Amino acid sequence: MLFRKLRRRLRGWLAPDSVDAEIDREIRFHLEMRAAEYRAKGLSPGDAVKAAEKRFGKVELVRRECRRLSRVRPSRKGDASVSVLMADIRVAFRSLVKSPGFTAVVVSTLALGIGANTAMFSVVEGVLLRPLPFAASDQLVMLWQNDRLRGTTQENFSIPDFFDVRDRNEVLQGLALLWTPSLTLTEARQDPLLVSGARVSKTYFEVLGVAPALGRSFLPEEREPGGNPVAILSHGLFMSRFGGDPTVIGRRIELEGVSTEIVGVMAPEFRFPSRTDVWLPAQITETSGSRGNHGVLVVGRRRDGVSLERVNANLEAIATSLEVEYRDDNEGRGMWAESMTDAMVASVRPSLLLLQGAVLLVLLIACVNVANLLVARALSREQEAAIRSAMGAARSVLVRQYLVEALLLSLSGGLLGLFLAYRGMDLLLASLPPSLPRAFNVGVNGNVLLFSLVLSVATGVFFGLAPALRLSRGNLVASLREGERSGESSARQRARAVLVTLEIAGAVVLVVCAGLLIESFRTLLRVDPGFVAANVVSVDIQLPEIRYPQDRDSWPRWTEVRQFQKALLEQARSTPGIDSAALAINGPLDPGWTSRFVIEGRPDVAPGQQDEVRVRVVSPDYFRTLGIPILRGRSLDPGDDRDDSPPVIVVNEAFVRRYFVDEEPLGARLSQWGLTREIVGVVRDVRFQGLQEEAQPAIYPTFSQAPFTGFSLLVHTREEPEAVFARLRAITASLDRDLALSGFTTLERRLAASVSERRFTMNLFGAFAGLALLLSTLGIYGVMSFSVGRRQHEFGVRMSLGAARHDVLRLVLTDGSRLALLGIGLGLLVAVFVTRFLQSLLYGVSRFDPVTFLVVSLLAATVTILACTFPALRATRVDPLVALRHE
């Protein structure tokens with residue numbers, strides 16, 4: 001073999017005339033072969049020659065190209081030299097330009113696959129893969145508590161527990177706490193603004209390993225109780241409110257009516273907790289909160305070399321000791337830690353990885369389609385390959401040249417796909433659910449560009465290697481001389497059939513998953529939330545303590561707070577277009593918080609073992625405004641909201657089911673927060689923890705019994721929400737012009753937002769499944785069309801022997817149906833296994849849902865049979881005389 005190659009190359013160098021003569025012989029051979037075909041079809045010798053020359057193309061152009069290729073020599077540095085590579089690129093480019101239709105189809109197919117993968121990877125990279133913007137972020141952990149007695153697994157810390165863990169642990173080099181109040185920001189000549197604040201302990205920024213990008217951090221004396229009020233702004237607030245003016249450092253603003261000095265601005269990438277606008281020193285001590293109030297987040301940094309398991313073991317030991325020391329508040333309470341990354345993204349990791357896997361499968365299907373197109377094109381290029389081989393081109397050279405052509409196609413597809421992903425980024429960002437963590441990181445960056453490049457190169461090698469090896473085979477010339485009518489080999493036909501079968505199977509898997517998600521989402525939307533969301537508008541209000549005193553000693557007699565709430569409700573109810581108005585500390589889709597209680601007349605329970613119930617403070621018209629039915633007893637009325645009224649409450653069905661199984665709840669009395677309240681009514685359950693969660697026991701006291709300064713105003717209206725927003729803003733300004741409002745929305749929007757993550761997953765999966773089904777349909781159509789084209793002689797013979805056209809139609813459809821059934825069957829088997837990863841995303845539907853599997857099977861069968869119908873009809877139009885003459 002080596003000697004023959006050397007001989008060919010030497011002949012090319014030493015005897016160029018011999019090479020030219022061989023090129024002429026090869027061209028003449030192909031022309032004569034074509035002419036013979038046309039003579040067999042009935043053309044005259046002269047017309048046959050002209051037709052052969054027309055089909056062959058410009059003879060002189062082909063001759064020059066072959067001579068140029070024969071002069072291409074490997075450099076001393078090998079075939080990877082730049083000059084050889086550039087020559088291959090030029091040849092590949094000219095070849096693709098000569099086939100614009102083929103090039104457009106391949107590039108478009110790859111662009112769809114690579115573009116979809118690039119867009120999806122930008123989400124995965126931004127949310128899951130990008131490191132947290134903290135120093136040594138892998139050492140950061142979030143600490144949680146759990147309650148064995150009440151069945152909770154993840155609760156916040158109390159302030160005393162935080163200090164105990166800080167002082168007793170042996171595995172953390174730093175510990176910080178924070179909580180997130182809403183704050184009213186006011187400045188001269190500016191409208192008041194409600195911002196998201198974070199009050200943080202002394203070591204907050206040191207534990208995270210960050211510092212302000214502008215200005216300074218908090219001074220030690222500012223972190224102690226009674227220290228000067230100072231604040232650090234987020235980059236977002238710095239730009240939106242202060243226009244990025246660096247002289248903002250040292251300026252004083254009012255937060256909750258307190259004059260506060262701005263001392264720093266954080267970098268754009270620092271957003272912890274997310275959506276925080278301003279950080280304030282907590283200025284707390286060990287006695288600043290009760291041990292039973294679990295309202296602070298805790299973040300820690302592990303010591304070097306300390307594992308997460310060791311941290312959890314140490315926390316468990318501390319929790320055990322606290323159970324013994326503080327039985328009333330800590331009995332049954334445990335502690336545990338998880339990495340900060342997991343705390344942020346663990347809930348969305350399964351769905352995002354599942355979507356990335358789905359879109360990779362779409363790309364795989366696209367590659368199979370492209371590979372089939374390239375194989376089909378390879379058959380029409382065997383003449384070219386034969387001539388090149390005859391001119392002395394080594395197999396490695398041919399493989400390289402065809403791989404370069406495949407890479408040129410894949411890189412073009414990748415470039416177009418990247419453009420599509422970039423142009424569609426705004427649409428993608430708009431479709432992201434509001435609750436998706438770290439969504440602000442999503443975008444096209446260096447990592448996404450590198451992913452797209454690697455994906456494009458890998459794709460080119462994947463779909464280009466097989467056709468390149470086929471065209472570079474050494475026996476092409478022999479096969480050509482034996483005649484082209486022999487068609488595809490059976491091995492190659494089987495290979496193409498296997499590829500198409502796998503293609504259909506992949507599409508079926510994705511469509512089954514999408515079908516289950518769609519059915520799950522439809523089931524979720526049919527769930528009764530327990531309230532009527534239509535025509536209800538909501539706005540959030542936070543009363544600043546400096547103008548609305550909140551003295552704990554006088555609770556619940558907060559006169560200023562109660563006066564504002566009453567005046568607000570009176571004006572809202574008297575506003576034209578508003579049917580009813582109510583207040584609530586938590587909206588109907590907000591889980592709120594729990595608190596302990598005791599039912600009078602029941603056996604005594606140790607303080608640490610008391611049950612907890614959801615507390616949902618509301619004004620009397622709350623149930624009427626939200627259309628929540630009163631099932632027993634009565635609703636809260638205006639008389640219950642007076643300060644001197646006997647304390648009463650309404651409970652939900654879940655409360656009755658748990659605590660009054662065979663008893664009458666009406667008239668029973670509950671003790672909580674030093675008050676004893678009588679149950680006067682029972683209302684329908686509201687799914688305040690989300691549509692997919694059953695309601696937990698809840699009680700509804702009035703604001704006169706439990707006033708809070710942060711609440712939502714809910715109004716039922718017959719007018720457009722925007723008009724109502726303007727009126728509510730005017731009403732609030734008439735009562736307090738420095739009061740900021742936020743959260744203008746409707747309950748229908750909040751209800752839609754509560755299922756936005758499921759809708760996002762379902763929409764993307766549906767889009768990927770649809771694209772996969774389309775590509776697989778095109779794939780089987782292409783295979784059947786190619787097969788019919790290669791079998792025209794066979795069909796002609798069959799029809800000449802008596803076969804009717806419907807027999808040919810049935811023959812082709814049977815072949816296509818066989819592939820479809822194999823693909824569908826394989827796809828269903830794989831889907832049974834793959835859907836186990838969907839289990840956590842489904843609601844109200846089994847992952848083996850027979851209806852979904854049946855519908856998908858029928859859909860896939862219908863689509864693939866339709867794809868086979870057009871090639872089958874073309875087969876019935878074969879003229880037997882022409883086919884036999886060709887023979």
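Look a little higher up for the structure.
What counts as what
Residues numbered from 1 in each chain as written. Predicted model: local features only at pLDDT ≥ 70, side-chain atom pairs only at ≥ 80, totals over all residues. Heavy atoms only, no water. Patch = residues over 30% accessible without salt bridge, like charges linked within 9 Å, V, L, I, M, F, W, Y side chains within 5 Å. Areas by Shrake-Rupley, 256 points an atom, 1.4 Å probe, with all protein chains shown as cover. Salt bridge = Lys/Arg side-chain N within 4 Å of Asp/Glu carboxyl O. Helix = DSSP H or I, 4+ residues; strand = E, 2+ residues; numbered from the N terminus. Buried < 20%, exposed > 50% of the residue type's maximum accessible area, 1.4 Å probe, protein only. Core = buried A, V, L, I, M, F, W, Y, C linked by side-chain atoms within 4.5 Å. Contact = heavy atoms within 4.5 Å. Expected span 1.5 Å × (residues − 1). Arc of directions from axis to C-beta. Pairing = 2+ DSSP bridges.

I'm lost on a nonpolar patch on the surface in this one. Help?
Side chains of Leu411, Leu450, Leu453, Val454, Val457, Val461 and Leu465 sit close together on the surface and give an oily, nonpolar patch of about 550 Å² of accessible area. With six residues, the single largest contributor to the nonpolar patch is helix H17 (residues 446-471). When you line up the elements, Val457 lands in helix H17. In this structure Val457 comes out as partly exposed when scored by relative accessible area, which is 34%.

Got a minute to help me understand the nonpolar core in this structure?
A general tendency of soluble globular proteins is for nonpolar side chains to be buried together. Among the nonpolar cores identified, the biggest contains 74 residues, and Met120, Val123, Val127, Leu352, Phe765 and Phe768 are the most heavily contacted of them. Looking at this core, the elements that each hand over two or more residues are helix H6 (100-129), helix H13 (349-380), helix H16 (425-431), helix H19 (490-525), helix H25 (756-790), helix H26 (792-800), helix H27 (805-834) and helix H28 (850-876). With near-sequence residues (within four places) excluded, Met120 lies in contact with Leu352, Leu355, Gln356, Val359, Leu764 and Phe768. Ranked by size, the runner-up nonpolar core spans 42 residues in total, among them Trp558, Val617, Val651 and Ala668.

Can you walk me through the side chain of Ser351 in this structure?
Note that Ser351 resides in helix H13. Sequence-distant contacts of Ser351, that is, excluding residues within four places in its chain, are made with Thr761 and Leu841.

For this particular structure, what's the right way to read helix H20 (residues 559-573)?
Think of an α-helix as 3.6 residues a turn; residues three or four steps apart then line up on the same face. In this model H20 runs 21 Å from its N-terminal to its C-terminal C-alpha over 15 residues, within 8% of the 21 Å that 1.5 Å per residue would give. All of the buried residues along H20 are Val561, Arg562, Phe564, Gln565, Leu568, Leu569 and Ala572. What you see down the axis of H20 is that its buried residues fit within an arc of 160°, all on one side. Turned more than 90 degrees away from the buried face of H20, the exposed residues are Gln563 and Glu570. Lining the buried residues of H20 we find strand E13 (536-542), strand E14 (578-584), strand E23 (710-717) and helix H23 (721-735).

In this structure, what is going on with the pairing of strand E10 (residues 278-281)? I would like to understand it.
If a strand is regular, its side chains alternate between the two faces of the sheet. Residues of E10 alternate between two faces, with Val278 and Leu280 on one and Trp279 and Pro281 on the opposite face, all of them buried. Bridge analysis of strand E5 (residues 193-200) against E10 gives four bridges, and the strand direction is parallel. Bridge assignment links Arg199 to a residue of E10, and that residue is Leu280. Alignment of strand E7 (residues 230-233) against E10, held across two bridges, turns out to be antiparallel. Bridge assignment links Ile232 to a residue of E10, and that residue is Trp279.

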